[in-house]
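An overview of the molecular structure
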Amino acid sequence: MVYTPSKEEMDEFVMTGKGIEAIEDSLADLSLKLYSARKIRNDAKSNEESFFSRAKNRAELDEIILDAKQETKAFLGVNVYEEPVTKVVGLSDKILFLPRAIYSSLKSTIEKRKVNGKLIYGIDNGYDAYHKVIRFNPSNKAEAFSEYAHEYDHYLQDFFKLVKPIWRWNNFSFLEGHARCVELNVSLDKTEKMDNPAFAVYSLERFLGEMKSAYKHYSRKMGRGIKEILLRISCPNDNYEAKLVYDLDEPSDYASGAAFFTAKEAEMGKSVYTDVLLGKKIV
Ligand SMILES: [Zn+2]
């Protein structure tokens, strides 16, 4: 198996002056991007043909999937000789999928939630490393692109042997942080190519909700003052993240992992995402 750092090593790296400053810079920069993306989304939503409408059919969705695959591989500068199967799932598929999910070696399909004091696992869209299948059900075309880039990055992690065969051995914070940051980078690159900042709106919302949570958590652990202005933008996952920190005293694996890779990207540049796929030790 390819080396990946432990959660402790990742946390330690974030909780350096440089690490937390990189998170502050990212929050400031991406908040501005999200404000302008939301303005455009609100205008475009009423337009049936806009990329905030659902794909008309599987063929249209397949085009987006192919595009997301190519953009993700181009961003990382990698190639693969085998591609995963993609299944577009409805709710009933997700329920049927439940027993098999136990075998999935990747927790992107299995999400930790604490309900009435018990830790339970819920099934969501995701990459299933056991069957080499990407399952997803995007609500619109812009979201489909970002979501697919994320799940496809998990496939690449598996292809390059970062995913361990027994799911409990995996460092999910590392895997989710990598996927979240690759998804965001690819989506932002796409906005440039399309000359439309709204295309990355969903990716920005997820990322910023998580990054605010990580920023508060790590600042508190470090005994460091928080810049409230960086937390002003509201995101759909704010409550989910706040509940996790309240229940488990840590942000989601997505949040801590994205914080780590944001700090690492500031230090090493965007090659860090490829470096780890190729097994380079980065902490
Ligand atoms: Zn994931």
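Located above this text is the structure these notes cover.
Residues other than glycine predominantly adopt negative phi, and peptide bonds predominantly adopt the trans conformation. Even without being a glycine, Lys132 presents a positive backbone phi close to 55 degrees. In this structure, Lys132 sits in the loop between β4 (126–128) and β5 (133–136). Its identity is not glycine, yet Lys161 carries a phi of approximately 65 degrees, on the positive side. Along the chain, Lys161 turns up in the loop between α5 (141–159) and α6 (172–194). For Lys161, a count of 12 C-beta atoms within 10 Å corresponds to the exposed category.

In this model, helix α2 (residues 17–44) (28 residues) spans 41 Å end to end at C-alpha, consistent with the 40 Å of a helix rising 1.5 Å per residue. If you check which residues of α2 are buried, you get Gly19, Ala22, Ile23, Ser26, Leu27, Leu30, Leu34, Ala37 and Arg41. Of the surrounding secondary structure, the elements contacted by the buried residues of α2 are α1 (7–14), α7 (201–222) and α9 (253–268).

What follows deals with the nonpolar core. One finds Met211, Ala258 and Ala259 to be the most contacted residues of the largest nonpolar core, which totals 58 residues. The element contributing the most residues to this core is α7, with nine residues. Not counting residues within four places of it along the chain, the set of residues in contact with Met211 comprises Ile23, Ser26, Leu27, Ala255, Ala258, Ala259 and Thr262.

To continue, consider the pairing of β5. Across the two faces of β5 the burial is the same, with Val133 and Arg135 and Ile134 and Phe136 all buried. Two elements, strand β1 (residues 85–88) and β5, share four bridges in a ladder whose sense is parallel. Note that in β5 the partner of Val88 across the bridge is Phe136. Inspection of the sheet shows β4 paired to β5 by three bridges, in the antiparallel sense.

Quick look at the sheet that holds β1 now. The strand order across the open sheet built from three strands is β1-β5-β4, with neighbouring strands paired in mixed fashion. Only two strands of the sheet have a single partner each, and these edge strands are β1 and β4. Averaged over all pairs of adjacent strands, the angle between strand axes in this sheet comes to 25 degrees, irrespective of strand direction. Along the sheet, α5 contacts β4 and β5; its crossing angle with β5, the most-contacted strand, is approximately 155 degrees.

Rules used in this analysis
- Residues numbered from 1 in each chain as written.
- Predicted model: local features only at pLDDT ≥ 70, side-chain atom pairs only at ≥ 80, totals over all residues.
- Helix = DSSP H or I, 4+ residues; strand = E, 2+ residues; numbered from the N terminus.
- Buried ≥ 20, exposed ≤ 12 C-beta atoms within 10 Å, placed from the backbone.
- Expected span 1.5 Å × (residues − 1).
- Contact = placed C-beta atoms within 7 Å.
- Core = buried A, V, L, I, M, F, W, Y, C linked by C-beta atoms within 7 Å.
- Pairing = 2+ DSSP bridges.
- Axes fitted to C-alpha atoms, helices over the stretch in contact; angles between N-to-C directions.

Read these as spatial facts, not as claims about activity.
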